[in-house]
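One letter stands for each residue in the lines below.
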Amino acid sequence: MSEKEIYSKDFLRDIASALERADFEGIGDERHEFSDSFEKRMESVAALVDRPRITGGRILRVLIAAIIIIALIIGTMSVTAQKSPQPGFYMNVYRTHSDISFLPTDPESGHLIADGIPSHIDEVYRPTYIPDGYDEESVTANDQLCNRVKYRKPSGSEIIFEQFTLHAKLSVDTEDAPLRVMYVDDLMIYYNYKNRLYHCYWIQGKYAFSLFSSCPLGETVRIIRSVERV
């Protein structure tokens, strides 16, 4: 393998690794603040442009592809900034986890907006469908931030449902399990699958919700569809 080919493979690997960690494909067009580790990876990719050995048409095509990727990222963020303020996911993406905020963002400054957002839970939601074999094991209610219900099978399988105010902030384990998007009716659900559990996050009305489910995806979706005010 020639030295040029080694550089080009390393270059592509850096780009792929950076994009995988940020999970652009899964996150879609939501606004992001990238972690230091991601910024350093992108800087290392950009620094390769200055290497005198990167020449030739093949390497040039790689550089053009990288520039296009970066341009698409910037363009996506610009489009996002033009949206009206609305509740949505604001994520800090790190190597081993992602921090999620649910508050809306100001389209000009990008700052989170807390004014007018309820700071406590005054309407309780629950899933009205739970698969057979699960019994309600515990309920943890804190109307200032979160309501939590755990369902459990004798075999040990669990379903955990949580309701949050939009002021809540979550830290999600996304190491080797980046968040992806699915749509359930008119709900946009962020989810990943890790340790044999589906981890799902969404906004419904003026609240945010999470569901940890050891059920198959079809049953998990059915649980999400059944969530309503009680």
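Residues numbered from 1 in each chain as written. Predicted model: local features only at pLDDT ≥ 70, side-chain atom pairs only at ≥ 80, totals over all residues. Heavy atoms only, no water.

Draft legend 1. Geometry of the overall build of the protein. Across its full length, the protein carries five helices and 13 strands. Of all intrachain contacts in the protein linking residues separated by at least 6 positions in sequence, the fraction that spans at least 24 positions is 55%. Carbon and sulfur atoms form 50% of the exposed surface of the protein, whose accessible area is close to 12800 Å². (Helix = DSSP H or I, 4+ residues; strand = E, 2+ residues; numbered from the N terminus. Contact = heavy atoms within 4.5 Å. Areas by Shrake-Rupley, 256 points an atom, 1.4 Å probe, with all protein chains shown as cover.)

Draft legend 2. Representation of the pairing of strand 10 (residues 187-194) within the structure. Of all the eight residues making up strand 10, six are buried; the element is thus mostly covered by neighbouring parts of the structure. Sheet analysis places strand 9 (residues 180-184) next to strand 10, joined by five bridges and oriented antiparallel. In the sheet register, Tyr 183 faces strand 10, and the bridge partner there is Met 188. Where strand 9 hands over to strand 10, the hairpin turn is made up of two residues, of which Asp 185 adopts a positive phi near 55°. What sits between the antiparallel neighbours strand 10 and strand 11 (residues 197-204) is a turn of two residues, in which Asn 195 has the positive phi angle 55°. (Buried < 20%, exposed > 50% of the residue type's maximum accessible area, 1.4 Å probe, protein only. Pairing = 2+ DSSP bridges.)

Draft legend 3. Fine view of the sheet that holds strand 12 (residues 207-213). The strand order across the open sheet built from seven strands is 5-6-7-12-11-10-9, with neighbouring strands paired in antiparallel fashion. Across the chains shown, the open sheet's two edge strands, defined by having one partner strand only, are strand 5 (135-142) and strand 9. Adjacent strand axes in the sheet meet at a mean angle of 20°, parallel and antiparallel pairs treated alike. By the bridge criterion, five bridges tie strand 10 to strand 11 in an arrangement that is antiparallel. Bridge assignment links Lys 194 to a residue of strand 11, and that residue is Leu 197. (Axes fitted to C-alpha atoms, helices over the stretch in contact; angles between N-to-C directions.)

Draft legend 4. A look at the nonpolar core. In terms of nonpolar packing, the biggest core is built from 25 residues, with Ile 159, Ile 189, Cys 200, Trp 202, Leu 211 and Ile 224 touching the most fellow members. Only strand 6 (146-152), strand 7 (158-165), strand 9, strand 10, strand 11, strand 12 and helix 5 (217-225) provide two or more residues apiece to this core. Apart from the residues within four sequence positions on either side, Ile 224 is in contact with Met 182, Val 184, Leu 187, Ile 189, Cys 200, Trp 202 and Leu 211. Listed in part, the 20 residues of the second largest apolar core include Ile 117, Leu 166, Val 172 and Ile 203. (Core = buried A, V, L, I, M, F, W, Y, C linked by side-chain atoms within 4.5 Å.)

Draft legend 5. Local environment of the side chain of Ser 210. Looking at where Ser 210 falls in the secondary structure, it is placed in strand 12. Of note is the side chain of Ser 210, whose polar atom sits 2.7 Å from the side chain of Glu 162. Aside from chain neighbours lying at most four places away, what touches Ser 210 is Ile 160, Phe 161, Glu 162, Phe 164, Cys 200, Tyr 201 and Trp 202. (Polar contact = N/O pair within 3.5 Å; in protein donor to acceptor, adjacent residues only side chain to side chain.)

Draft legend 6. Examining the side chain of Asn 192 more closely. Positionally, Asn 192 belongs in strand 10. By relative accessible area, which is 2% here, Asn 192 ends up buried. There is a polar contact of 3.1 Å between the side chain of Asn 192 and the backbone oxygen of Asp 173. Excluding anything up to four places from it in sequence, Asn 192 contacts Val 172, Asp 173, Thr 174, Ala 177, Pro 178, Leu 179, Leu 197, Tyr 198 and His 199.

Draft legend 7. Examining the environment of Phe 161 more closely. Here Phe 161 lies in strand 7. For the pair Phe 161 and Pro 127, spaced 34 residues apart in the sequence, the C-alpha separation amounts to 7.8 Å. Leave out the neighbours within four places in its chain, and Phe 161 touches Tyr 125, Arg 126, Pro 127, Asn 147, Arg 148, Val 149, Trp 202, Phe 209, Ser 210, Leu 211 and Val 227.

Draft legend 8. Up close: the environment of Leu 103. If you trace the backbone, Leu 103 turns up in the loop between strand 3 (97-101) and strand 4 (125-127). Sequence spacing of Leu 103 and Lys 169 is 66 residues, and the spatial spacing of their C-alpha atoms is 9.1 Å.

Draft legend 9. Geometry of the confidence of the model for the protein. Per-chain confidence: the protein averages 73 in pLDDT, with 60% of residues scoring 70 or above. Every residue in residues 49-55 scores below 50 in pLDDT, and together they form nine contacts with partners more than four places removed in sequence or on other chains. (pLDDT = per-residue confidence, 0-100.)

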